[in-house]
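Listed below, chain by chain, are the residues.
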Number of protein chains: 2
Amino acid sequence: MQALKDRICAEGRNLGNGILKVDSFINHQVDPILMDACGAELASRFRHLNPVHILTAEISGIAPALMTAFHLGIPVIYARKVKPVTMPDQVFLTLAPSHTKGRMVELILSPENISRGEKLVIIDDFLASGMTILGLARLAEAAGAEVVGIGALIEKSFEKGRENLGGMNIPIESLVRITSMEDGGIEIGE
Amino acid sequence: MQALKDRICAEGRNLGNGILKVDSFINHQVDPILMDACGAELASRFRHLNPVHILTAEISGIAPALMTAFHLGIPVIYARKVKPVTMPDQVFLTLAPSHTKGRMVELILSPENISRGEKLVIIDDFLASGMTILGLARLAEAAGAEVVGIGALIEKSFEKGRENLGGMNIPIESLVRITSMEDGGIEIGE
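In this text the structure is predicted, and so the values were computed from the model without any measurement.

When helices and strands are counted, chain A shows six helices and eleven strands. Dimensions of chain A, computed from C-alpha atoms along their principal axes, come out at roughly 45 × 35 × 30 Å. Every one of the 190 residues in chain A was classed for burial, and the buried ones make up 59%. Summing over all exposed atoms, chain A offers an accessible surface of approximately 7500 Å²; the carbon and sulfur share of this is 49%. Each charge sign in chain A was given a centre, from 18 positive and 23 negative side chains, and these centres are 2 Å apart.

This is the structure we're talking about:
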């Protein structure tokens, strides 16, 4: 997707260790016009699968997931990392490694809003190793839902997320694919 | 705002201690169509002030802030509660009490995206005691920005946020005002 690619070229920064800083339009400051366009594009790629929910993880997944859900006209659910007092005592919980935090984080899903057998699409800002998305998929499975697609704004293909998620055998869509961040650069695939 | 009021009447739950559960359309599951309508309404109330940023706090502020920013065509910045590795070493940090967490939380703002003298509007999901919003206002002030308005989806007027923010002498807008949650009820103002 050209608009996102252009923005990464203009403002993205390679901080080393595979960390791409996109704080000026995705992760701290968010450009809602760009995010709306990304959501429209992701929605167009998953509409034919008829999902009834978008599932994401707080925090940075919320903006792209919300805009994708908006264009599909379906609700988004974001897994929490700390159980809020408003959630029931019995929840689904799994652990996933956080690349930017350097430790395991909890992903918590309430059983209240998901129905057994329903179809959902997972959306996140990054597809890196795929471990967060695998965690979300475990939560969905625990809730009896069927994950029918996976989408991300930015894929770091050198971190092998697509391979790690390959066993799920469902469509994986990313809007921009970064093929290398070696030597301080940011190489973007076609 | 009638659509939000209707939804609170249908799905909101009074959990006691002033905690309103709206997990099925704002805080865990988000209805993007409703959130878009709320964003459009908040945007219409602040457009004449010509803000250049919406400022909010993660996590639950992101959805309403993003949609408000979308309708104003300006970026949103969300204060982080944990400093990500992508932020510079020097940041603005303040503490605010979290009603639902029962402890103080950090609110962290990067100086990178805010300009001295710029106008911004603070948007959050709830206006309760106003302490989170006061924290955001302190961050904005530290960054040299001018807070020109405050907006929330739901105001719990019995928690006196409007009084606590009164010293700022700027417009405060909420879409639904809850006047009492005594005896397990949810009373909504006109």
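The subject of this paragraph is the pattern of salt bridges. Counting across every chain of the model gives 18 salt bridges over all chains. Residues Glu163 of chain A and Lys160 of chain A are paired through a salt bridge, measuring 4.0 Å at the closest nitrogen-oxygen approach. The exposure class of Lys160 of chain A is partly exposed, given its relative accessible area of 44%. Across the pair Glu11 of chain B and Arg7 of chain B runs a salt bridge, and its minimum N-O distance is 2.7 Å. Residue Glu11 of chain B and its partner Arg7 of chain B are both found in helix H1 (residues 2–11); the two are separated by four residues, about one turn of the helix.

Attention now goes to the relation of the copies chain A and chain B. Both copies of the chain are related by one operation, a rotation about an axis with a shift along it. With an RMSD of 0.0 Å, the operation that places chain A on chain B is a rotation of 180 degrees combined with a shift of 0.0 Å along the axis. Between the two chains, the operation in question is that of a two-fold axis. Of the interface residues in chain A, 100% have counterparts in chain B that sit at the interface too, so the contact is made through matching surfaces.

The seven strands are arranged E3(A)-E5(B)-E4(B)-E8(B)-E9(B)-E10(B)-E11(B) in an open sheet whose pairing can be described as mixed. Bordering the open sheet on either side are strand E3 (29–30) of chain A together with strand E11 (187–188) of chain B, each of which pairs with just one other strand. In this sheet, strand E5 (residues 76–79) of chain B lies alongside E3 of chain A in antiparallel orientation, the contact comprising two bridges. Counterpart to Gln29 of chain A in the pairing with E5 of chain B is Ile77 of chain B.

This part takes up the packing of aromatic side chains. On inspection of all chains with the given rule, the structure shows zero aromatic pairs over all chains. Directly above the ring of Phe126 of chain A sits Lys156 of chain A, whose terminal nitrogen or CZ lies 5.4 Å from the centroid.

Before going further, it helps to examine the sheet that holds strand E11 (residues 187–188) of chain A. An order of E11(A)-E10(A)-E9(A)-E8(A)-E4(A)-E5(A)-E3(B) is seen for the seven strands of this open sheet, with the pairing classed as mixed. A strand with exactly one partner marks an edge of an open sheet, and here the two such strands are E11 of chain A together with strand E3 (29–30) of chain B. Packing of helix H4 (residues 62–72) of chain A onto the sheet brings it into contact with strand E4 (53–57), strand E5 (76–79), strand E8 (119–127) and strand E9 (146–156) of chain A together with E3 of chain B, and relative to E4 of chain A it is tilted by some 175 degrees.

Right, let's talk about the interface of chain A and chain B for a bit. On the chain B side, the residues contacting the 45 residues of chain A number 45 residues. Between chain A and chain B, a total of about 3700 Å² is buried, with carbon and sulfur atoms accounting for 63% of that surface. Taken together, the links from chain A to chain B amount to two salt bridges. Note that Glu112 of chain B is salt-bridged to Lys21 of chain A, the shortest N-O span being 2.8 Å. Where chain A meets chain B, there are 18 residue pairs in polar contact (both at pLDDT 80 or more). Secondary-structure elements contributing two or more residues to the side of chain A that touches chain B are strand E2 (20–21), helix H2 (23–27), E3, helix H3 (32–46), H4, E5 and strand E7 (103–109) of chain A. Among the elements that take part in the side of chain A that touches chain B, H4 of chain A stands out by supplying six residues, more than any other. Of the residues contributing to the side of chain A that touches chain B, the split by class is 26 nonpolar, eleven polar and eight charged.

A word on the packing of H3 of chain A against H4 of chain A. All names here are of chain A. Taken N-terminus to C-terminus, the directions of H3 and H4 make an angle of 55 degrees; their axes are 7 Å apart at the nearest point. The angle between H3 and H4 places the two elements in the oblique class. Pair H3 / H4 crosses with right-handed handedness. Counted together, Pro32, Met35, Asp36, Gly39, Ala40, Leu42 and Ala43 of H3 and Ala63, Pro64, Met67, Thr68, Phe70, His71 and Leu72 of H4 form the full contact between these two elements. Its residues placed into classes, the contact of H3 with H4 shows ten nonpolar, three polar and one charged.

Here the focus is the nonpolar core. It is characteristic of soluble globular proteins that their nonpolar side chains tend to be buried jointly. In terms of nonpolar packing, the biggest core is built from 74 residues, with Leu4 and Ile154 of chain A together with Leu4 and Ile154 of chain B touching the most fellow members. Not counting residues up to four positions away in its chain, the partners in contact with Ile154 of chain A are Leu4, Ile8, Leu20, Val22, Ile26, Asp125, Phe126, Leu127, Val176 and Ile178 of chain A.

All names here are of chain A. Where burial is concerned, most of E9 is hidden: ten out of the eleven residues are buried. As judged from the eight bridges shared by E8 and E9, these two strands associate in the parallel manner. Residue Asp124 lies in a different strand from E9, and its bridge partner there is Ala152. As a crossover connection, the stretch from E8 through helix H5 (residues 131–142) into E9 is right-handed. Two elements, E9 and strand E10 (residues 172–180), share six bridges in a ladder whose sense is parallel.

Conventions used here
- Residues numbered from 1 in each chain as written.
- Chains lettered and ligands numbered in written order.
- Predicted model: local features only at pLDDT ≥ 70, side-chain atom pairs only at ≥ 80, totals over all residues.
- Heavy atoms only, no water.
- Helix = DSSP H or I, 4+ residues; strand = E, 2+ residues; numbered from the N terminus.
- Buried < 20%, exposed > 50% of the residue type's maximum accessible area, 1.4 Å probe, protein only.
- Areas by Shrake-Rupley, 256 points an atom, 1.4 Å probe, with all protein chains shown as cover.
- Lys, Arg positive; Asp, Glu negative; His and termini not counted.
- Charge placed at Lys NZ, Arg CZ, Asp CG, Glu CD.
- Salt bridge = Lys/Arg side-chain N within 4 Å of Asp/Glu carboxyl O.
- Least-squares fit on C-alpha atoms with pLDDT ≥ 70 in both.
- Contact = heavy atoms within 4.5 Å.
- Pairing = 2+ DSSP bridges.
- Phe/Tyr/Trp six-rings, centres within 6.5 Å; stacked < 30°, edge-to-face > 60°.
- Lys NZ or Arg CZ within 6 Å of the ring centre and 35° of its normal.
- Axes fitted to C-alpha atoms, helices over the stretch in contact; angles between N-to-C directions.
- Buried area = accessible area lost by both parts, 1.4 Å probe.
- Polar contact = N/O pair within 3.5 Å; in protein donor to acceptor, adjacent residues only side chain to side chain.
- Nonpolar A, V, L, I, M, F, W, Y, C, P; charged D, E, K, R; others polar.
- Parallel < 35°, antiparallel > 145°, perpendicular 65-115°, else oblique.
- Left-handed = near helix turned anticlockwise from the far one by under 90°.
- Core = buried A, V, L, I, M, F, W, Y, C linked by side-chain atoms within 4.5 Å.
- Right-handed = clockwise from strand over helix to strand, strands pointing away.

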